[in-house]
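So the chains spell out like this:
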Amino acid sequence: MSAMTAERWVAGNAIELLENGEEFFAAVFAAIGEARREILLETFILFEDKVGLALQSVLIDAARRGVRIEVTIDGFGSPDLSAPFLRSLVDAGVHLRVFDPPPRISRHLALLRRLHRKLVVIDGNIGFVGGINFAADHLADYGPDAKQDYAARVRGPIVAAMHRTALKTLAQARPRDRRLDAYRTDPPCEALSLPPPGHADAMFVTRDNTEHRGDIERHYRLALKAAERDVLIANAYFLPGYRLLRTLQRTARRGVRVRLILQGQPDMKWVSVATRTLYQRLLDAGIEIHEYHERPMHAKVAVIDDAWATIGSCNLDPLSLTLNLEANLIVRDRDFAGHLRARLEALVDAHCSTIDVTPERLRRRPLWHRMLSRFVFFALRLIPTWAARLPRHRPRIVPIDPDDAPEAPAKTPAKTPAKTPAKTPAKTP
């Protein structure tokens, strides 16, 4: 992997893979329960379901212990939280903010520029990053539509970069929010002086609409160009730009095994229709396509040569790569990469199929289906690209006023669980 830019690697980190809500929520809630000074949390989706209520409970307990808590939710992804839910947090001392609330969206077409990150930093020395939102549809007992996804628990000096990113979000609110005037902008000193907890090298890479518009895609392409043996990518919404697509094809054509795990049971069928337009081109390059059929695939992870891995919020699609605010952790560690690879290969062996992606099967698709796929593909590719060229506005990040919220919680897109719901993750030991 010599092609990677070594100057940005941070050594001495301990990074643990967390699969699905069962592992992620238990780890996050436990860390919040042990917080002593500060909790910074950003999420695209927070629903008022059993996971949201469990998060509410542990945040209120932490605030009552004197922990400073800053929570930023996206105005599009989390639009319907009730006044009682929000008021209980605010009354306990939790600072709640919303990224671009709906009125601004309608005026500036900011619907396509969302805070899509899922980031938690606690006391400046432990962080969480990945693709898992605070919603019950990341738990298996949600039923057949429960999402398959991954996150990472991070300790070590790279957490300082995660901390800076979360503070940068808050800094955008400072001119309008006097509560931030005296806010500390550096990680706690003791966090910086702790001995390295692990041996993993890591980079924390973000995507925004100002300074870091193409960073995540660039690191994907650098890693693919340096790949020597094997590439395994699991991604929920796979509509990469032409440069990344060409890099994937060239990587496969020079003899590297390239495998993609994509949605076979999509939560957004129109995205899957568009993705299938690429299948023949990918197969012609020698790329293997495995469709995951157990439940909706929501992952945004990759492993290359058992040494390089990435995990985060960034899909390989136009929204994530050209418009949304995203965050990925890039890891150079054989233990972490090997563990992630083993988890992904278990999915391939047990729950993936290649039946529907053979050249013969693709050629037998009806003409109307192929035409529809192409129409959806070009629409999804061109609309975000066009939107990215519109004049950018400075997103509003404003305090949430519970009095502006409905008194009763809105219905979230929860399905009837396939079995009796488990206890809320907050009570998981």
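Right above here is the structure, for reference.
Let me begin by describing the structure that accompanies this report. Everything numeric in this text was worked out from a predicted model, so none of it was measured.

**What to know about the nonpolar core**
Of all hydrophobic cores here, the largest spans 45 residues; its most connected members are Phe128 and Phe134. Of all the secondary structure elements, the ones that give two or more residues to this core are helix H1 (20-33), strand E2 (38-43), helix H2 (50-64), strand E3 (68-74), helix H3 (83-92), strand E4 (95-99), strand E5 (119-122) and strand E6 (126-130). Examining the composition of this core, we find that eight residues originate from one element, H2, more than from any other. Of all hydrophobic cores here, the second largest spans 39 residues; its members include Ala200, Ala234, Ala299 and Cys352.

**Comments concerning the pattern of salt bridges**
The tally for this structure, following the rule as stated, stands at 22 salt bridges. A salt bridge links Glu70 to Arg68; the nearest nitrogen and oxygen atoms lie 2.7 Å apart. Accessibility expressed as a relative area gives 26% for Arg68, which makes it partly exposed. Salt-bridge contacts for Arg341 lead to Glu345; the nearest nitrogen and oxygen are separated by 4.0 Å. Highlighted residues: Arg341 and Glu345, both in helix H12 (residues 334-351), separated by four residues, approximately one helical turn. Judged by relative accessible area, which is 7%, Arg341 ranks as buried.

**Digging into the environment of His293**
Following the sequence through the fold, His293 ends up in the loop between strand E11 (288-292) and strand E12 (300-304). Its relative accessible area of 31% is what places His293 among the partly exposed residues. A C-alpha to C-alpha distance of 7.1 Å links His293 and Gln263, two positions 30 residues apart in sequence. A polar contact is formed between the side chain of His293 and the backbone oxygen of Gly264, at a distance of 3.5 Å.

**Examining the packing of aromatic side chains**
The final tally for this structure, using the stated rule, is six aromatic pairs. Ring plane angle 15 degrees and centroid distance 6.0 Å describe the contact between Phe25 and Phe29, whose orientation is recorded as stacked. In this pair, Phe25 and Phe29 are both assigned in helix H1, four residues apart and thus about one turn of the helix distant. You'll find Phe25 and Phe29 in the same group, each marked buried. Here a set of aromatic residues connected by ring pairs shows up, and it is made of Phe24, Phe25, Phe29, Phe128 and Phe134.

**What to know about empty space enclosed by the protein**
Scanning the model with the defined rule gives four cavities of 30 Å³ or more in all. The computed volume of the largest cavity comes to approximately 70 Å³. Residue lining of the largest cavity: Ala236, Tyr237, Phe238, Leu262, Gln263, Pro266, Met268, Val271, Ser272, Thr275 and Tyr279, and that is the complete set. For the lining of the largest cavity, the secondary-structure elements that each account for two or more residues are strand E10 (257-263) and helix H9 (269-275). Among the elements that make up the lining of the largest cavity, the one with the highest residue count is H9 (three residues). A class-by-class count of the residues in the lining of the largest cavity yields eight nonpolar, three polar and no charged.

About the criteria used
Residues numbered from 1 in each chain as written. Predicted model: local features only at pLDDT ≥ 70, side-chain atom pairs only at ≥ 80, totals over all residues. Heavy atoms only, no water. Core = buried A, V, L, I, M, F, W, Y, C linked by side-chain atoms within 4.5 Å. Buried < 20%, exposed > 50% of the residue type's maximum accessible area, 1.4 Å probe, protein only. Helix = DSSP H or I, 4+ residues; strand = E, 2+ residues; numbered from the N terminus. Salt bridge = Lys/Arg side-chain N within 4 Å of Asp/Glu carboxyl O. Polar contact = N/O pair within 3.5 Å; in protein donor to acceptor, adjacent residues only side chain to side chain. Phe/Tyr/Trp six-rings, centres within 6.5 Å; stacked < 30°, edge-to-face > 60°. 1 Å grid on protein atoms, 1.4 Å probe; cavity = no way out; pocket = protein on both sides within 12 Å on 5 of 7 lines; lining within 4 Å. Points joined across faces, edges and corners; volume = space filled by probe spheres on them. Nonpolar A, V, L, I, M, F, W, Y, C, P; charged D, E, K, R; others polar.

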